[in-house]
Amino acid sequence: MAAERPVVYVIDDDQSMREAVQDLIASVGLEARGFASPREFLDASRPDAPGCLVLDVRLPGSSGLNFQQELARAGVLLPVIFITGHGDIPMSVRAIKAGAVEFLTKPFRDQELLDAINAAVERNRAQRGEAAVLDDLRQRYAALTPREREIMALVIVGRLNKQIAGDLGLSEVTVKVHRGQIMRKMRARSLPELVRMGDLLRLATATSAAT
């Protein structure tokens, strides 16, 4: 299957600048879509494909830095590249700390922007891959019964079948049956693999709760 064609979204209220950036992106075979404001971008449909966002810092209605935070809260995984004609060090530090790939001051060299776009697209490919793996794990975990989830939690912290049976007031045979069902439903080939799955699910839950 052919790789998905990345899409680069350009948000800049300066039409000439926006079109120049789009032309540059298109010249290297990437799809570029331009928007004059964050609202235009949010109202538009987006293909399920890797990509990134080239974002002007100064925008009508909302600054690019505030929009970056809004995207993060909304769970939009597109990496951001900032471009600005009025940047300063505190602004760039804030953007990078919030996860921006690059902060470029106009006028910038074409290759600088293209290098940043390539890095951002690769980051997004990795993010999308990780998100797909996690979504699959969550679906497997959702298929477990409440008792199986209870036993899985004890298994992955190292409790033995006999100990789990004592903890839950079950027979050891019952625990073994549930444990086999857990391994089958989670598609874990070994105990270490099941532990890794549990760690990923816990980390994702903790990260989600912190945001």
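Now for a description of the structure that goes with this document. Owing to the predicted nature of the structure, the values given are computational and were not obtained by experimental measurement.

Reading guide: rules and limits
- Residues numbered from 1 in each chain as written.
- Predicted model: local features only at pLDDT ≥ 70, side-chain atom pairs only at ≥ 80, totals over all residues.
- Heavy atoms only, no water.
- Helix = DSSP H or I, 4+ residues; strand = E, 2+ residues; numbered from the N terminus.
- Buried < 20%, exposed > 50% of the residue type's maximum accessible area, 1.4 Å probe, protein only.
- Core = buried A, V, L, I, M, F, W, Y, C linked by side-chain atoms within 4.5 Å.
- Contact = heavy atoms within 4.5 Å.
- Pairing = 2+ DSSP bridges.
- Axes fitted to C-alpha atoms, helices over the stretch in contact; angles between N-to-C directions.
- Right-handed = clockwise from strand over helix to strand, strands pointing away.
- Arc of directions from axis to C-beta.

### Quick look at the overall build of the protein chain
- When helices and strands are counted, the protein chain shows 9 helices and 5 strands.
- Written out in order from the N terminus, the α and β elements of the protein chain read β-α-β-α-β-α-β-α-β-α-α-α-α-α.
- Judged by the C-alpha coordinates and their principal axes, the protein chain covers about 75 × 40 × 30 Å.
- A burial count over the protein chain gives 38% of its 211 residues as buried.

### Concerning the nonpolar core
- Among the nonpolar cores identified, the biggest contains 20 residues, and V54, I81, L113 and I117 are the most heavily contacted of them.
- Broken down by element, this core gets its largest block of residues, 6 residues, from helix α5 (residues 110-142).
- Among all residues touching I81, those that are not within four sequence positions of it are C52, L53, V54, L55, V101, E102, L104, L113, A116, I117 and A120.

### Some thoughts on the sheet that holds strand β4 (residues 80-84)
- Read from one edge to the other, the open sheet built from 5 strands follows the order β2-β1-β3-β4-β5, with strand pairing classed as parallel. Bordering the open sheet on either side are β2 (31-35) and β5 (102-105), each of which pairs with just one other strand. Neighbour-to-neighbour, the strand axes of this sheet turn through a mean angle of 20 degrees, independent of strand direction.
- When strand β1 (residues 7-11) meets strand β3 (residues 51-56), the two strands line up parallel, connected through 5 bridges. Bridge pairing in β3 places V7 opposite G51.
- Against the sheet, α5 makes contact with β1, β3, β4 and β5, and its axis sits at roughly 135 degrees relative to β3, the strand it touches most.

### Observations concerning the environment of L191
- When you line up the elements, L191 lands in helix α9 (residues 191-210).
- Taking the C-alpha atoms as reference points, L191 and I89, separated by 102 residues in sequence, lie 49 Å from one another.

### Quick word on the pairing of β2
- Pairing of β1 with β2, which is carried by 5 bridges, proceeds in the parallel orientation. Paired with V10 across the strands is G34, a residue of β2.
- For the segment spanning β1, helix α1 (residues 15-27) and β2, crossover handedness is right-handed.

### Some words on helix α4 (residues 89-97)
- The set of residues buried in α4 consists of M91, S92 and A95. The buried residues of α4 occupy one face: seen down the axis, they fall within an arc of 95 degrees. Counted as exposed and oriented over 90 degrees from the buried face of α4: I89, P90 and K97.
- Against α3 (64-73), β4 and β5 lie the buried residues of α4.
- Just beyond α4, the residue with positive phi is G99, at close to 110 degrees.

### Let's talk about the environment of E31
- For E31, the location among the structural elements is in strand β2.
- You can call E31 partly exposed: its relative accessible area is 22%.
- Considered as a pair, E31 and Y9 are 22 residues apart in the sequence and their alpha carbons are 8.5 Å apart.
- Apart from the residues lying within four places of it in its own chain, the contact partners of E31 are R5, P6, V7, V8 and I25.

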